[in-house]
Amino acid sequence: MEMDSHFLLILGLVIGFLAIPAIISAYSDGRRPVAAILVLLISAGLVVFASRMRPGGYRLAEIPDVFYTVVARFLN
């Protein structure tokens, strides 16, 4: 169950990171960033859900180790 919360946390962070350029692009083109904001909200929901799934939540210092754990799981 912990690996599932790890995966959801990293998925939410990556999706949120990728939504930021879409928001900036929409603003620079004079469009409303509706889809990008929706993706950012989904990303925040994944991070909160993953944090609630894990007893005690996540600390900021743990995120790099969790990221490497998830990446290693997919590469092996």
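Heads up: the structure comes first, above all this text.
Conventions adopted
Residues numbered from 1 in each chain as written. Predicted model: local features only at pLDDT ≥ 70, side-chain atom pairs only at ≥ 80, totals over all residues. Heavy atoms only, no water. Core = buried A, V, L, I, M, F, W, Y, C linked by side-chain atoms within 4.5 Å. Buried < 20%, exposed > 50% of the residue type's maximum accessible area, 1.4 Å probe, protein only. Helix = DSSP H or I, 4+ residues; strand = E, 2+ residues; numbered from the N terminus. Contact = heavy atoms within 4.5 Å. Phe/Tyr/Trp six-rings, centres within 6.5 Å; stacked < 30°, edge-to-face > 60°. Lys NZ or Arg CZ within 6 Å of the ring centre and 35° of its normal. Salt bridge = Lys/Arg side-chain N within 4 Å of Asp/Glu carboxyl O.

Caption draft 1: How the structure looks around the nonpolar core. Counting residues in each nonpolar core, the largest one holds eight residues, listed as Leu8, Leu9, Ile10, Leu46, Ala50, Tyr58, Val66 and Val70. Mapped onto this core, the elements with two or more residues apiece are helix H1 (2-29), helix H2 (34-53) and helix H3 (63-75). Per-element accounting of this core gives the leading share, three residues, to H1. Filtering out sequence-adjacent residues up to four positions away, Leu46 remains in contact with Leu8, Leu11, Gly12 and Ile15.

Caption draft 2: Up close: the packing of aromatic side chains. Inspection of the entire model under this criterion finds two aromatic pairs. Pairing Phe7 with Phe74 gives two aromatic rings, centres 5.6 Å apart and planes at 50°, and the pair type is tilted. Placement of Phe7 in helix H1 and of Phe74 in helix H3 is noted, with a sequence separation of 67 residues between them. Note on Phe7: relative accessible area 29%, which makes it partly exposed. Look at Phe67 and Tyr68: their rings are 6.0 Å apart centre to centre, the planes differ by 70°, and that puts the pair in the edge-to-face class. Phe67 gets classed as partly exposed once you look at its relative accessible area, which sits at 34%. The exposed category is assigned to Tyr68, whose relative accessible area is 57%. Between Arg73 and the ring centre of Phe74, over which it is positioned, the NZ or CZ distance is 5.4 Å.

Caption draft 3: Molecular detail of the pattern of salt bridges. For the structure on display, the rule yields three salt bridges. Among the ionic pairs, Glu62 bridges to Arg54, the shortest N-O distance being 3.1 Å. Residue Glu62 shares its accessibility class with Arg54, and that shared class is buried. In this structure, the salt-bridge partner of Arg59 is Glu62, at a minimum N-O distance of 3.9 Å. Residue class for Glu62 comes out buried when judged on its relative accessible area of 18%. Through salt bridges with shared partners, a single ionic network connects Arg54, Arg59 and Glu62.

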